[in-house]
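# Overview (structure and organization)
Chain by chain, the residues run as shown.
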Amino acid sequence: GAVVSQHPSWVICKSGTSVKIECRSLDFQATTMFWYRQFPKQSLMLMATSNEGSKATYEQGVEKDKFLINHASLTLSTLTVTSAHPEDSSFYICSARSLTETQYFGPGTRLLVL
Amino acid sequence: GDSVTQMEGPVTLSEEAFLTINCTYTATGYPSLFWYVQYPGEGLQLLLKATKADDKGSNKGFEATYRKETTSFHLEKGSVQVSDSAVYFCACHSGGGADGLTFGKGTHLIIQP
């Protein structure tokens, strides 16, 4: 089946630094990828839709200057959390949409900002 | 916007018991409905889906029927196994501008031998 990877799987950083998370579709091309955020015991919340070769579409309330998304190729999207603060600590999950419209999810990246 | 409500867990059952996890949705138009499963340490995997009213999705012994009259998509399995222990997420997709999925909070299922 289709596989989506995320790197890193977890990261600890100091407040004020930037963190980049990669999302790759390993065996299929994805013109559209999605970034979700999950708080403990909460559902996944869509942050933004990442479109290859164009600007990302952000959900209401998500700061586009804080969460930079780049979808440079059909198999890679990156999410950069800029000037991270403790309230940005969360579980970030990406998904890639296949030609059959099915979304395949990555294993997630746990971010802890000290 | 869309919303999904599912029963909160944890749900603890004995092996071979009958499973039902309730899920109801609120959405515009005719959404597609999904159940995803997340095993410990792994990403979400699509378990089954239904794209129109009265459709039944099924996979690995799990079933769910798209009930538009009750806006529900309850997940069922006749005889659960220890290996079914995981977190189950109900989700809907109405399409439109964002195109992302709207998820329920997830239900943690624990099957005891």
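Relevant structure appears above.
Below you will find a few notes about this structure. Starting afresh in each chain, residues are numbered from 1 along the sequence in its written order. Each chain gets a letter, beginning with A, and each ligand a number, beginning with 1, in the order they are written. Reporting in this predicted model follows two pLDDT cut-offs: at least 70 for local features of residues, and 80 or more for side-chain atom pairs to be given and counted; totals over whole chains, interfaces and linings ignore these cut-offs and use all residues. To obtain the side-chain values, all non-hydrogen atoms of the structure were used and water was disregarded.

A word on the nonpolar core. Ranked by internal contacts, the top residues of the largest apolar core, which has 27 residues, are Leu13, Trp35, Leu47, Leu48, Phe73, Leu75 and Tyr88 of chain B. In this text, helices come from DSSP runs of H or I with a minimum length of four residues, and strands from runs of E with a minimum of two, each type numbered from the N-terminal end. Breaking this core down by element, the ones donating at least two residues are β2 (11–14), β3 (19–21), β4 (23–26), β5 (32–38), β6 (44–50), β8 (62–65), β10 (86–93) and β12 (107–112) of chain B. The element best represented in this core is β10 of chain B, accounting for four residues. Residue contacts are defined here by distance: any two heavy atoms, one from each residue, within 4.5 Å place the two residues in contact. If we skip the residues at most four places from it in the chain, Leu47 of chain B touches Trp35, Tyr36, Val37, Asn59, Lys60, Phe62, Leu75 and Tyr88 of chain B. Nonpolar core, defined: a set of buried Ala, Val, Leu, Ile, Met, Phe, Trp, Tyr and Cys residues in which side-chain atoms within 4.5 Å join the residues together. Each residue is placed in one exposure class: buried if its accessible area under a 1.4 Å probe, protein chains only, is under 20% of its type's maximum, exposed if it is over 50%, and partly exposed if it falls in between. Core analysis: the next-biggest nonpolar cluster, separate from the first, contains 23 residues, Cys13, Ile21, Ala30 and Leu111 of chain A among them.

It is worth spelling out the environment of Trp10 of chain A at this point. Residue and element names in this part refer to chain A. Examined against the element boundaries, Trp10 turns out to sit in strand β2 (residues 10–13). Put simply, Trp10 and Leu112 are 102 residues apart on the chain and 8.0 Å apart in space, counted from C-alpha to C-alpha. Discounting residues that sit within four places of it in the chain, Trp10 has contacts with Thr109 and Arg110.

Looking now at the state of the cysteines. When two cysteine sulfur atoms are found within 2.5 Å, that pair is recorded as a disulfide. According to the stated counting rule, one finds two disulfides over all chains in the structure shown. One disulfide bridge connects Cys23 of chain A with Cys94 of chain A, the sulfur atoms lying 2.0 Å from each other. Around the S-S axis, the bridge from Cys23 of chain A to Cys94 of chain A shows a dihedral of about 80° and counts as right-handed. With Cys23 of chain A in strand β3 (residues 19–25) and Cys94 of chain A in strand β9 (residues 90–97), the pair connects residues that are 71 residues apart, well separated along the chain. Here Cys23 of chain A falls in the buried class, since its relative accessible area comes to 0%. Cys94 of chain A sits in the buried class, given a relative accessible area of 0%. Disulfide pairing is shown between Cys23 of chain B and Cys90 of chain B; the S-S distance is 1.9 Å. In this structure the cystine formed by Cys23 of chain B and Cys90 of chain B twists about its S-S bond by roughly -70°; its chirality is therefore left-handed. On the criterion of sequence distance, the pair formed by Cys23 of chain B in strand β4 and Cys90 of chain B in strand β10 is long-range, its members being 67 residues apart. Residue Cys23 of chain B is classed as buried on the basis of its relative accessible area, which comes to 1%.

Just geometry here; none of it tells us what the structure is for.
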